[in-house]
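# Summary of structural features
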Amino acid sequence: MSEAESQGAEDALIAARRDKVARSRAAGRDPYANDVRAEARTSLAALRAAFAPAREAGEAERYQPEQVERLGEGRSYLVVGRLMARRGFGKASFLRLRDGSGELQLFAKLDVLGEDFERLSELDLGDHVEARGGVMVTKTGELSLQLTALRLLGKALRPLPDKWHGLTDVDQRYRRRYVDFVATPEAAGVLRARSIIVQGLRAFLDERGFLEVETPTLHTLVGGAAAKPFRTHHNALDLDLFLRIAPELYLKRLLVGGFERVYEIGRCYRNEGISTRHNPEFSMLEYYQAYATYETLLAQTEALLRSVDAHLGARLEALGQGADYQRWLEARPFSLAEPFARLDMREAVLSGLGRAALPAALLEELPSLALGAGATPTPEQLAAGQRVEQLARTSERSRRVDWGNLRRALVAAESSGERLFLAYEFFVEPFLAEDYRTSDGAKSLPVFILNYPFEVSPLARRKDADPSLTDRFELFVHGRELCNAFSELNDPDDQAARFRDQVAKKARGADETMDYDADYVRALEHGMPPAAGFGLGVDRLTMMLTSQPSIRDVIAFPLLRPETE
RNA sequence: GGGUCGAUAGCUCAGUCGGUUAGAGCUGCGGAUUUUUAAUCCGUAGGUCCAGGGUUCGAGUCCCUGUCGACCCA
């Protein structure tokens, strides 16, 4: 970039910083020096920890000068980081330094710092610097480093956002996440929490003898979930491929291969809308456990979530982010502390209808309520419309049911199983958070929904007692789906029939169906041990545990429409 | 896809009923200040008011279209 291009206010700010770079260079100092003796460096958190004994009880950030002096023993410390604030007083100056572990005040005095003091004018907020000095306490009791040396390590040519308000434009926050993480400490904290959550998931499974594996993300077929895929192409093989929508079918091939416990944490891709709960690429945990049933996984799911949450709380506390965790914990509308509720889907629907003062027989009546197409409504369609209006008036809760979308969805429902599932989605799921509460009523209780119809569960094992249902559950936390688990279907003939149903559905126009995976059926024909499998959305789990309103807050670089210029 | 709200300096925001040269704080630059905590004080620079069209003597402001974003609904 040439200097001649500069124009406008932003460029003037950048030009001023470039001038300082030139001044540094002219004086023989490298504005991008890379010769920090890292082994001599003390992190700001470590430095604070070393002087913690001098902290005054009660007063969080006041230190006793004599004790600090004794602990310091005249030692000199080397610290590095980004300059976050500066308050100048002529022949003295206060600077705020931030590194990856925390922050510390630097105190520069002309008579102590010497000639480096003049170079303060070459520094800007945002610059990376190296500082050296002894630890002392200022008049207000703040732990500080009294500088004996200070130099630039990496010039920031662009200014940081407003030091008090930070970056508030939501679009700018997600577009310039590197600025957001500097300007919004909580945003950085959420990313740290995410890493800890993933560690917690791994630790839980590793302790139980699971093997972490990686399976293909480039698939030749669509399978493992109901979703629209991204398409891509391999040139050398001239092969059309899909980005995976789920790892399920490969993980179960590993069960056939003799691995009894496997898991994968990885990216999946779904070519669907973007919302506060959906990003086109997202992370899923799936694990498969031979000789387990979905009932085994019920208890294991509660244990997993509590274990991860405990791990998160403990690690954040250790990192000095305990206040963040406490704030997130209080903000949660749900609690993991009490045993989760367990509901059979059909019973949940009947109970949901009852709570809305709707007749149980409505389940059988649903097909006639489907929204008809066509310009002029038939008498049947008019009757259906009147019937829905009547039903919607039966109770306050019935009024809150999304009848319009239920009627639209019913058009595509081809079986009583699909209609049961729709009834669950419209009469039960929206009310889970208010209907199932902790014993004190303060928070919602996570709810397991059990026994899904086989038509909406093409990879799950049928129930022995009722083959129209499957050994499957989903976990809803505050009304939002978090986990999906079932006993695996290992009968190759049944699986082949389910695939054929999926293909037939696609032929009838459904767009979120699976392809027939002949290799997977062949794998089952070689024999898959009885097993249960589990899936969990890592992004959603992170949102829940850190009380973040948007999935974009838990993803480092969420997908955005490209900037236009 | 529909509705509501929004877009003004690098950042955070004002801008009255349509009226003269669009303001403030932070950041920057110059100055004062050797214990500050969003330091303070003085001075100064910084604008295609999202884009295009329209109404008007006159538009940041009113109208239309578009772009982008947020939220809600689907």
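Model, not experiment: these values are computed from the prediction.

Parameters at a glance
Residues numbered from 1 in each chain as written. Chains lettered and ligands numbered in written order. Predicted model: local features only at pLDDT ≥ 70, side-chain atom pairs only at ≥ 80, totals over all residues. Heavy atoms only, no water. Helix = DSSP H or I, 4+ residues; strand = E, 2+ residues; numbered from the N terminus. Buried < 20%, exposed > 50% of the residue type's maximum accessible area, 1.4 Å probe, protein only. Contact = heavy atoms within 4.5 Å. Areas by Shrake-Rupley, 256 points an atom, 1.4 Å probe, with all protein chains shown as cover. Lys, Arg positive; Asp, Glu negative; His and termini not counted. Charge placed at Lys NZ, Arg CZ, Asp CG, Glu CD. Pairing = 2+ DSSP bridges. Expected span 1.5 Å × (residues − 1). Bend = angle between axes of the 7 residues up to and from the residue. Core = buried A, V, L, I, M, F, W, Y, C linked by side-chain atoms within 4.5 Å. Polar contact = N/O pair within 3.5 Å; in protein donor to acceptor, adjacent residues only side chain to side chain. Salt bridge = Lys/Arg side-chain N within 4 Å of Asp/Glu carboxyl O. Phe/Tyr/Trp six-rings, centres within 6.5 Å; stacked < 30°, edge-to-face > 60°.

Scanning chain A for helices and strands turns up 20 helices and 16 strands. Each principal axis of the C-alpha distribution contributes one length, and for chain A these read about 90 × 60 × 55 Å. Here chain A holds 565 residues, and 48% of them are scored as buried. Considering only intrachain contacts with a sequence separation of at least 6, the fraction spanning at least 24 residues in chain A is 67%. Just so you have it, chain A exposes about 27600 Å², and 52% of that area is on carbon and sulfur atoms. One finds the centroid of the 75 positive side-chain charges in chain A at a distance of 4 Å from the centroid of its 85 negative side-chain charges.

A few words now on the sheet that holds strand 8 (residues 231-234). Ordered by their spatial adjacency, three strands build an open sheet running 7-9-8, and the pairing between neighbours is antiparallel. The sheet is open, and its two borders are formed by strand 7 (218-219) and strand 8, each paired with just one other strand. Across two bridges, strand 7 lies against strand 9 (residues 239-243) in antiparallel orientation. The partner of Leu218 across the bridge, within strand 9, is Leu243.

Attention shifts here to helix 20 (residues 538-545). Given 3.6 residues per helical turn, the α-helix brings residues three or four places apart onto the same face. In terms of burial, helix 20 is largely enclosed, as seven of its eight residues are buried. Along helix 20, the residues that are buried comprise Val538, Asp539, Leu541, Thr542, Met543, Met544 and Leu545. Directly beyond the C-terminal end of helix 20, a positive phi value near 50 degrees is found at Ser547.

This paragraph deals with unusual backbone geometry. Phi at Asp238 takes a positive value of approximately 50 degrees, unusual for a residue other than glycine. With respect to the secondary-structure elements, Asp238 resides in the loop between strand 8 and strand 9.

Attention shifts here to helix 9 (residues 294-318). Under the 1.5 Å per step criterion, the end-to-end length of helix 9 is 35 Å for 25 residues, consistent within 8% with the ideal 36 Å. Gln300 marks the point of greatest bend in helix 9, at about 25 degrees. Gly320 occupies a position one or two residues after helix 9 and carries a positive phi of about 80 degrees.

Let us now look at the nonpolar core. Inside soluble globular proteins, nonpolar side chains tend to come together where they are buried. In terms of nonpolar packing, the biggest core is built from 46 residues, with Leu201, Leu285, Phe534, Leu536 and Leu541 touching the most fellow members. Apart from the residues within four sequence positions on either side, Leu285 is in contact with Leu201, Leu205, Tyr263, Glu264, Ile265, Phe534, Gly535, Leu536 and Val538. In terms of nonpolar packing, the next biggest core, distinct from the first, is built from 35 residues, Leu369, Trp403, Leu420 and Phe427 among them.

Relative to the helices and strands, Ala356 is located in the loop between helix 11 (345-355) and helix 12 (362-365). Given a relative accessible area of 1%, Ala356 falls into the buried group. Here the alpha-carbon distance between Ala356 and Lys109, two residues 247 residues apart in the chain, equals 73 Å. Not counting chain neighbours up to four residues away, the residues in contact with Ala356 comprise Thr394, Ser395, Arg397 and Ser398.

A few words now on the side chain of Lys155. By the secondary structure assignment, Lys155 is in the loop between strand 5 (143-154) and helix 5 (170-175). Judged by its relative accessible area of 8%, Lys155 is buried. Of note is the side chain of Lys155, whose polar atom sits 2.7 Å from the side chain of Asp124. With residues near it in sequence (within four places) discarded, Lys155 still touches Arg17, Lys20, Val21, Pro31, Tyr32, Glu122, Leu123, Asp124 and Asp127.

Moving on to the pattern of salt bridges. All chains considered together, the criterion is met by 49 salt bridges. Linking Glu142 and Arg96 is a salt bridge whose minimum nitrogen-to-oxygen distance equals 3.1 Å. Placement of Glu142 in the loop between strand 4 (128-137) and strand 5 and of Arg96 in strand 2 (residues 92-99) is noted, with a sequence separation of 46 residues between them. Between Asp180 and Arg177 there is a salt bridge; the shortest N-O distance is 3.0 Å. You can see Asp180 and its partner Arg177 sitting in helix 6 (residues 177-183), three residues apart, about one turn around the helix. When sorted by exposure, Asp180 lands in the same class as Arg177, which is buried. Within the structure, one salt-bridge network assembled from shared partners comprises Arg355, Glu396, Arg397, Arg400, Glu434 and Asp435.

By definition, the strands of a sheet pair up through backbone hydrogen bonds, in either a parallel or an antiparallel sense. Ordered by their spatial adjacency, eight strands build an open sheet running 6-10-11-16-15-14-13-12, and the pairing between neighbours is mixed. With one partner strand each, in any of the chains shown, strand 6 (211-212) and strand 12 (341-344) form the two edges of the open sheet.

Here we take up the packing of aromatic side chains. According to the stated counting rule, one finds twelve aromatic pairs in the structure shown. Taking 5.9 Å as the distance between ring centres and 70 degrees as the angle between the ring planes, the aromatic pair formed by Phe51 and Tyr77 counts as edge-to-face. Separated by 26 residues along the polypeptide, Phe51 in the loop between helix 2 (44-50) and helix 3 (65-72) and Tyr77 in strand 1 (residues 77-88) bring together distant segments of the chain. Grouping residues by exposure puts Phe51 and Tyr77 together as buried. Consider the rings of Phe499 and Tyr520, whose centres lie 6.2 Å apart with planes at 75 degrees: the pair is edge-to-face. Note that Phe499 is positioned in helix 18 (residues 492-507) and Tyr520 in helix 19 (residues 518-525), a separation of 21 residues in sequence.

Let us look at the pairing of strand 5. Most of strand 5 sits inside the fold, with nine of its twelve residues counted as buried. With three bridges connecting them, strand 3 (residues 102-109) and strand 5 associate as parallel partners. Across the sheet, the residue bridging to Phe107 is Gln146, located in strand 5. As judged from the ten bridges shared by strand 4 and strand 5, these two strands associate in the antiparallel manner.

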